[in-house]
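Here's the letter readout for the chains.
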Amino acid sequence: MATLEEKNQLISTPENQMATLEEKNQLITPPEYQMVTLEEKNQLVAALEYQMTTLEENSRSTPAPETQPSMRRKRKSMVWEHFTIETLSSDCRRAFCKQCRQSFAYSMGSKVSGTSHLKRHIAKGTCLALLHNQGNRQTRGTPTMNGNSSVSDPPRRRCISRNSASISFDLDHFRQKIARMMIMHDYPLHMVEHPGFVNFVKSLEPRYDMMSFNTVQGDCVSGYLREKQKVMKFIECLPGRVCLTLNVWTSSQSLSYVFITGHFIDGDWKPQRRILNVVMEPYPNSDAALSHAVASCLSDWSLEGKLFSITFNHPVGEPGLENLRSLLCVRDPLIINGQLLFGNCSAHALSSFAKDVLWEGREIIKKVRYSVKYVKTTESHEQKFRELKQQLQVPSEKGLSLDNQAQWNTTYQMLVAASELKEVFSCLDTSDPNYKEAPPSMEDWKRVGIMCTYLKPLFDAANFLASRTGPTQNTFFHEVWKMHDLYHSITSHGDPFVISLAEIMQEKMDKYLKECILALAIVVVMDPRFKMKLIEFSFLRFYGEEAGKYVKIIDGGLHELFLEYVRLPLPLTSAYAEDRNFENNTKTEEISDNGLTDCDVYVETTSQNTKSELEQYLEEPLLPRHQEMDVLKWWEENKLKYPTLSKMARDILTMQVSTAEPDTVFDTEIKEMDSYRSSLRPETVEALVCAKDWLRYGSEASTEVSNALAEVEGLGS
């Protein structure tokens, strides 16, 4: 161990004082270190730095003559304006922040930690004491800290990565991100003015200035308009037509909001959907309410000549339907005089049927609900019920559950489970003295069974709608016809309850089929596993000898629609033009002209023996019914064989039997707009709802929707 005097002599030797720069470099990098790795070089430099620092401190601790030259190594890093080095032990020293007194590693033995982590503490703004002091001395927006800045300079907010330079604070980009967050998560726009939100954002970005409600509202509308341009380009390139669904929402202010969703099939034969408009209707019960909303949508999106059908969940009287038919016949003559106006949403119709059944048995349902509630209220009641079930050896495995009266399927499931346990309920009052309410009688349980019989086909059909994605019309026809057969097969049993229920259900079912049978049937025909055969079988089974005239109605409507596709020009989109050019080029290559092309066209158009595409398709054998099949995929593969019929099939398969989302199929009430959304301007509500839908469906998924859209700039961003 060298003495203190020897160390001082080592520092102040003339050889060290007069060493040249070259000799110093050789001292640092002798030959044996020239080939070392980068990591070893860093360790060597760090060790030398530590040795030099130690020598500095030793020299300061030993008095030296005034003439003795100083070898103190000056710290040039700006961090030493904010940190001090303190020795905690013989081999441990730490750096302490002058502002917040937080300590950081500096050296441990011969290992020196460097200064990068100290710079981050200052430059990244994590020293709260420094930020607080700067905030008291400076206003917002002052220049950021650089290498020559003082303690009072605010730190630069930088984001450093391996492959990118520093990114400065971009206020416009920051505002866009906040607006996107508000849209995607349905946050109230006033949240940007809440102190908690402001403090949170400032902790992440000190230069953030509080936004006002009007500012974020304008940013959300701007984002909506940007996304709308993408969706408009998307729709312009569609090869087929658009089908609309209308969902009417109520509000506490006696206003209604019509949610209009467009459904279409893209150039890759994939089903797509976008919310197009949210139209506020001040008089929702007027005859012109829905036609006004549809007219706004057609004008806003330039859908004249592209609309195919409309499905809505709001009950509309005959005057309202006539207004819609008049509008569509003027704007879209292809929709065969409004015959494909699908009318009532199937999910809404099923819910309406179920509500009628439940209303007829409301008094019995109250008794069942009370009994189930008593059992499910406490663990002791449920335990006694299970013990009684075991004693009676009731084989049912169903568990009891209370219903949610806003969703009719839960009431049906409660009735089914309770009906299977009716013997247990009948004996519950004798085994449990606390069960004071009289249980349902055996006659009541018999009527519960009747209600379940009526509700089961409704439950199955609604489950079908809730569990399927994509086109469901081609198989939904069979679900409807099963209900039709059941309700008309139940005759009078002498029970007034059964008679009343049967009359109500038969009347409602006949009305539903009258409104939508054509739309339901022509979709079935477009399924190569069924074609007209399922229609003929179903009608023959129900109508008997009169089935022929009903089949003729469907066949006539189908041929009329096909002739309109043959005679009238289809939408002039780029995808359609490409298909048309491909078909024309194919025909030209096959015929190879010889100057008789015009004659061939004449023969083709005047020959009475030539069968149309529709007739050829209907006469071909059915495909096996048992196999799972993508009907859209089949038509895509056969579009060259049936060029016109495939276009018609694509539009027919776009029609929607339901307007409801899967999680709302069983709802018994129309949705209500919350009070916050109702307080916003109608334009803002539309911007928030539509932009959220487009961000979810459009921006990320649009890169795969269609080859025809590949040239649309920015759609996949």
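Look up a bit, the structure's there.
Treat the numbers as computed from the prediction; the structure is a model and nothing was measured.

Enquirer: Pulling in residues and values, what's your account of the sheet that holds strand S3 (residues 103–108)?
Expert: Strands in a sheet are paired, the pairing made by backbone hydrogen bonds, and the direction either parallel or antiparallel. Pairing is antiparallel in the open sheet, where four strands are placed in the order S1-S2-S3-S4. If you trace the sheet from one side to the other, it starts and ends with strand S1 (83–89) and strand S4 (111–112), each paired once. By the bridge criterion, five bridges tie strand S2 (residues 92–97) to S3 in an arrangement that is antiparallel. Bridged to Cys92 within S3 is Met108. The sheet contacts of helix H5 (residues 116–123) involve S1, S2 and S3, and relative to S3 the element is tilted by about 165°.

Enquirer: Give me the lowdown on unusual backbone geometry, citing residues and values where you can.
Expert: Even without being glycine, Arg101 reaches a positive phi, approximately 60°. Inspection of the secondary structure assignment puts Arg101 in the loop between S2 and S3. For Arg101, a relative accessible area of 44% corresponds to the partly exposed category. Backbone geometry at Asp186 places phi at a positive 60°, although glycine is not the residue there.

Enquirer: Can you tell me about the packing of aromatic side chains, naming the residues and giving the values?
Expert: With the rule as written, the count across this model stands at 30 aromatic pairs. Consider the rings of Phe539 and Tyr543, whose centres lie 5.6 Å apart with planes at 80°: the pair is edge-to-face. Of this pair, Phe539 and Tyr543 both sit in helix H20 (residues 533–543), four residues apart, roughly one helical turn. In this structure Tyr543 comes out as partly exposed when scored by relative accessible area, which is 23%. Pairing Tyr543 with Tyr550 gives two aromatic rings, centres 3.9 Å apart and planes at 15°, and the pair type is stacked. Here Tyr550 falls in the partly exposed class, since its relative accessible area comes to 27%. Each residue in the set Phe477, Trp481, Phe539, Phe542, Tyr543 and Tyr550 is aromatic and connected to the rest through ring pairs, giving one cluster. Positioned above the aromatic ring of Trp301, the side-chain terminus of Lys228 is 5.2 Å from the ring centre.

Rules of the game
- Residues numbered from 1 in each chain as written.
- Predicted model: local features only at pLDDT ≥ 70, side-chain atom pairs only at ≥ 80, totals over all residues.
- Heavy atoms only, no water.
- Pairing = 2+ DSSP bridges.
- Helix = DSSP H or I, 4+ residues; strand = E, 2+ residues; numbered from the N terminus.
- Contact = heavy atoms within 4.5 Å.
- Axes fitted to C-alpha atoms, helices over the stretch in contact; angles between N-to-C directions.
- Buried < 20%, exposed > 50% of the residue type's maximum accessible area, 1.4 Å probe, protein only.
- Phe/Tyr/Trp six-rings, centres within 6.5 Å; stacked < 30°, edge-to-face > 60°.
- Lys NZ or Arg CZ within 6 Å of the ring centre and 35° of its normal.

That's the geometry; what it means functionally is another story.
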